[in-house]
Amino acid sequence: MTQLPDLTAWLSSQTVDPATREAVLCVAAACVEIGRVVALGAIEDNLGVAGGINVQQEEQKKLDVLSNDILSEALLACPAVAGLASEELDTVQVTDRTGGVLVTFDPLDGSSNLDINAPVGTIVSILPAAEGRASTEADFLRPGRHQLAAAYALYGPQTVLVLSVDRDVASFTLDADGHWRLTQDRMVVPEQTREFAINMSNQRHWAPAVRAYIDSCLAGRDGPRGKDFNMRWVAAMVGDVHRILTRGGVFLYPWDAREPDRPGKLRLLYEGAPMALLIERAGGLATDGKQPILDIVPTALHQRVAIVLGSAEEVRLAG
Ligand code: F6P
Ligand code: MN
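Residue numbering note: each chain is counted from 1, following its sequence as written. To read the labels, note that chains go from A and ligands from 1, taken in the order they are written. Only residues with pLDDT of 70 or above have their local features reported here, since the model is predicted, and side-chain atom pairs are shown and tallied only from 80 upward, although totals for entire chains, interfaces and linings are computed over all residues. No hydrogens and no water enter the side-chain calculation; it runs on all heavy atoms of the structure.

- Naming follows an unreviewed UniProt entry, where the protein chain appears as Fructose-1,6-bisphosphatase class 1 of Brevundimonas variabilis.
- UniProt positions are given in the numbering used here, feature names are shortened, and annotations may be inferred rather than shown by experiment. Recorded under Catalytic activity (unreviewed entry), the UniProt text for the protein chain is reproduced unchanged: "beta-D-fructose 1,6-bisphosphate + H2O = beta-D-fructose 6-phosphate + phosphate".
- In its Subunit (unreviewed entry) section, the UniProt entry covering the protein chain states "Homotetramer."

Laid out in structure tokens, this is it:
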């Protein structure tokens, strides 16, 4: 069998600056380790809660904390990285380095799936750091279009890394020797779909437009859409986005009336923006219902965002 190209070889085929390239390799190595501790689960006593509450007021799992530590340590040891921000950390961590990159991340997305051995992932966004001075929190508050790279790792039946540093969105599968092997070089989201993803249990809290859109899908072939829809909900955004990058679909986590002052549940800097970059580069769309997620200028590190992303035709109808 011919050997599939590895991540380093693929990076050589892309237009990418040296700092981003180095940061991507640090992230990829950390994700191998996160995948390992996730896979060992109870064997290393890694399941269950850590006992803390994060800045999002969410109960932290042991693996949330462990994954955050693995990625943070790897990035702070990476010479190209000038600072980081994590879902699990209240504030940014910056070094005195000038130039290079900043990295924001959700170390273990969908961690409520851990207890049932369902997919979880890591989401990463890479931004330019300040030049000529150390970076501050304000330097992280850039619109998603400024991202130098975006990636996620999905710890599922296979461990995969999906990455974009240039125009292409490529997918790598972790082999038995710990190498990321290129298994798909240009992911493309089909324009049309018959599959949607939304947490239906929140239906009674949705805004009328979201209700009307989902009702139109549920009406199937006899309704206004004239076709039957299927529904999927992985409860880990990484899993839902991976499905959409693989076979199309639309994912919604809209505003809802449970917390009316909050735009949505998911976070802009390390969930919405990197996923929006990957989806747009693969030919799909990602909006907050009003504007492209990549155009939103963040005002706070842990700011929330409503999300509609996936197959272009469906996002136009839903958003
Ligand atoms: O990170 C938040 C998250 O776990 C996403 O990965 C996922 O899409 C969503 O929350 C699941 O939300 P719910 O609890 O409503 O199913
Ligand atoms: Mn998450």
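1. Here we look at the site of ligand 1
Line of reasoning, step 1. What makes a residue near a molecule or strand is one non-hydrogen atom of that residue sitting within 4 Å of it. Taken together, 13 residues lie near ligand 1, and Asp-109, Asn-199, Met-237, Tyr-253 and Glu-271 sit nearest.
Line of reasoning, step 2. Within the side chain of Asp-109, a nitrogen or oxygen atom sits 2.7 Å from an oxygen atom of ligand 1.
Line of reasoning, step 3. Per-residue and other accessible areas follow the Shrake-Rupley method at a 1.4 Å probe size, with only the shown protein chains counted as cover for residues. Burial of ligand 1 by the surrounding chains reaches 83%, relative to a free accessible area of 400 Å².
Line of reasoning, step 4. When its residues are assigned to classes, the shell around ligand 1 shows seven nonpolar, two polar and four charged. Polar contacts, as used here, are pairs of N or O atoms within 3.5 Å; protein pairs need one atom able to donate a hydrogen and one able to accept it. Residues neighboring in sequence count only if both atoms are side-chain atoms. When residues are sorted by character, Ala, Val, Leu, Ile, Met, Phe, Trp, Tyr, Cys and Pro go into the nonpolar class, Asp, Glu, Lys and Arg into the charged class, and all the rest, Gly among them, into the polar class.

2. Considerations on the pattern of salt bridges
Line of reasoning, step 1. Should a side-chain nitrogen of Lys or Arg be within 4 Å of a carboxyl oxygen of Asp or Glu, the pair is scored as a salt bridge. Tallied over the entire structure, the rule returns 20 salt bridges.
Line of reasoning, step 2. Here Arg-36 makes a salt bridge to Glu-44, at a shortest N to O gap of 3.4 Å.
Line of reasoning, step 3. Residue Arg-36 is classed as partly exposed on the basis of its relative accessible area of 38%.
Line of reasoning, step 4. In the salt-bridge network here, residues are joined through shared partners; they are Glu-58, Glu-87, Arg-267 and Glu-271. Exposure categories follow from relative accessible area, calculated using a 1.4 Å probe and restricted to protein chains: below 20% of the type maximum is buried, above 50% is exposed, and the middle band is partly exposed.

3. Here we look at the sheet that holds strand S9 (residues 170-174)
Line of reasoning, step 1. Taking strand neighbours across the sheet as the criterion, the eight strands line up as S4-S3-S5-S6-S7-S8-S9-S10 in an open arrangement whose pairing is mixed. Each end of this open sheet is capped by a strand with a single partner; those strands are strand S4 (93-94) and strand S10 (180-184).
Line of reasoning, step 2. For two strands to be treated as a pair, DSSP must find at least two bridges joining them. For the purposes of this entry, the term helix denotes a DSSP run of H or I that reaches at least four residues, the term strand denotes a run of E that reaches at least two, and both are numbered from the N terminus. One ladder, built from six bridges, connects strand S7 (residues 149-155) with strand S8 (residues 159-164); its direction is antiparallel. Note that in S8 the partner of Tyr-155 across the bridge is Thr-159.
Line of reasoning, step 3. With respect to the sheet, helix H3 (residues 62-76) is in contact with strand S3 (81-86), S4, strand S5 (101-109) and strand S6 (120-128), its orientation differing from that of S5 by roughly 160 degrees. Working rule for contacts: check all heavy atoms of both residues, and any pair within 4.5 Å makes them a contact. Angular values range over 0 to 180 degrees, each being the angle between N-to-C directions of two axes fitted as lines to C-alpha atoms, with helices fitted over their stretch in contact.

4. Some remarks on the packing of helix H2 (residues 18-40) against H3
Line of reasoning, step 1. The geometry of H2 relative to H3 is characterised by a closest axis approach of 9 Å and an angle of 155 degrees between their N-to-C directions. Between H2 and H3, the angle is such that the two are roughly antiparallel. Here H2 and H3 pass one another in a crossing that is right-handed. Contacts from Cys-26, Val-27, Ala-30, Glu-33, Ile-34, Val-37 and Val-38 in H2 reach Leu-63, Leu-66, Ser-67, Ile-70, Leu-71, Ala-74 and Leu-75 in H3.
Line of reasoning, step 2. When grouped by side-chain class, the residues that make up the contact of H2 with H3 number twelve nonpolar, one polar and one charged. An angle below 35 degrees is treated as roughly parallel, one above 145 as roughly antiparallel, one from 65 to 115 as roughly perpendicular, and anything else as oblique. Crossing handedness: left-handed means the near helix sits turned counterclockwise from the far one by under a right angle, and right-handed means the same turn made clockwise.

5. So, the UniProt feature "binding site: Mg(2+) 2" (unreviewed entry) in the protein chain
Line of reasoning, step 1. The UniProt feature table records "binding site: Mg(2+) 2" (unreviewed entry) at Asp-106, Asp-109 and Glu-271. Taken together, the annotated residues stretch across 166 residues yet fold into one region, lying no more than 8.6 Å apart by C-alpha.
Line of reasoning, step 2. Within the secondary structure layout, Asp-106 lies in strand S5.
Line of reasoning, step 3. Among the residues examined, Asp-106 registers a relative accessible area of 1% and is labelled buried.

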